[in-house]
Amino acid sequence: MFKPSFTIQELIEITNGEIVGNINQTTSLTISTDTRTITEKDCYLAICGATFDGHNFVEVAFNSNSKLAVID
């Protein structure tokens, strides 16, 4: 499976987001939407679908060693 890779600074610019917490913004991470396979080098992308809300799994992502999440 292809996982796109971005620096944290690129994610901030793409999403018009902000960092909450302390993390090196030049770190490169891959994007994951599946907490079952997430690693410490993945940024969790909390997406919403018709029958689920990825925001319900943010805590699971962090418990699985993800260091970053993109949330609404």
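Rules and cut-offs
Residues numbered from 1 in each chain as written. Predicted model: local features only at pLDDT ≥ 70, side-chain atom pairs only at ≥ 80, totals over all residues. Heavy atoms only, no water. Core = buried A, V, L, I, M, F, W, Y, C linked by side-chain atoms within 4.5 Å. Buried < 20%, exposed > 50% of the residue type's maximum accessible area, 1.4 Å probe, protein only. Helix = DSSP H or I, 4+ residues; strand = E, 2+ residues; numbered from the N terminus. Contact = heavy atoms within 4.5 Å. Pairing = 2+ DSSP bridges. Axes fitted to C-alpha atoms, helices over the stretch in contact; angles between N-to-C directions.

Looking now at the nonpolar core. Across soluble globular proteins, nonpolar side chains show a tendency to be buried alongside one another. If you look at the biggest cluster of nonpolar residues, it comprises 8 residues: Ile-8, Leu-11, Ile-12, Leu-29, Ile-31, Cys-43, Leu-68 and Val-70. Looking at this core, the elements with two or more residues in it are helix H1 (8-15), strand S2 (28-32) and strand S4 (68-70). A per-element tally of this core places H1 first, with 3 residues. Excluding residues that lie within four positions of it along the chain, Ile-8 makes contacts with Ile-19, Ile-23, Asn-24, Gln-25, Thr-27, Leu-29 and Leu-68. Membership of the second largest hydrophobic core comes to 5 residues, among which are Ile-38, Tyr-44, Ala-46 and Val-58.

If you trace the backbone, Leu-29 turns up in strand S2. C-alpha of Leu-29 to C-alpha of Phe-62: the two residues are 33 residues apart in sequence and 14 Å apart in space. Sequence-distant contacts of Leu-29, that is, excluding residues within four places in its chain, are made with Pro-4, Ser-5, Phe-6, Ile-8, Glu-40, Lys-41, Asp-42, Cys-43 and Leu-68.

Taken together, the 4 strands give an open sheet; going across it, the order is S1-S2-S3-S4, and neighbouring strands pair in mixed fashion. The strands lining the two open edges of the sheet, one partner per strand, are strand S1 (5-7) and S4. Averaged over all pairs of adjacent strands, the angle between their axes in this sheet comes to 40°, without regard to strand direction. Both S2 and strand S3 (residues 42-45) contribute to a ladder of 3 bridges, which runs parallel. Looking at the pairing, Ile-31 lines up with Cys-43 of S3. This element, H1, spans S1, S2, S3 and S4 of the sheet and lies at about 90° to S1.

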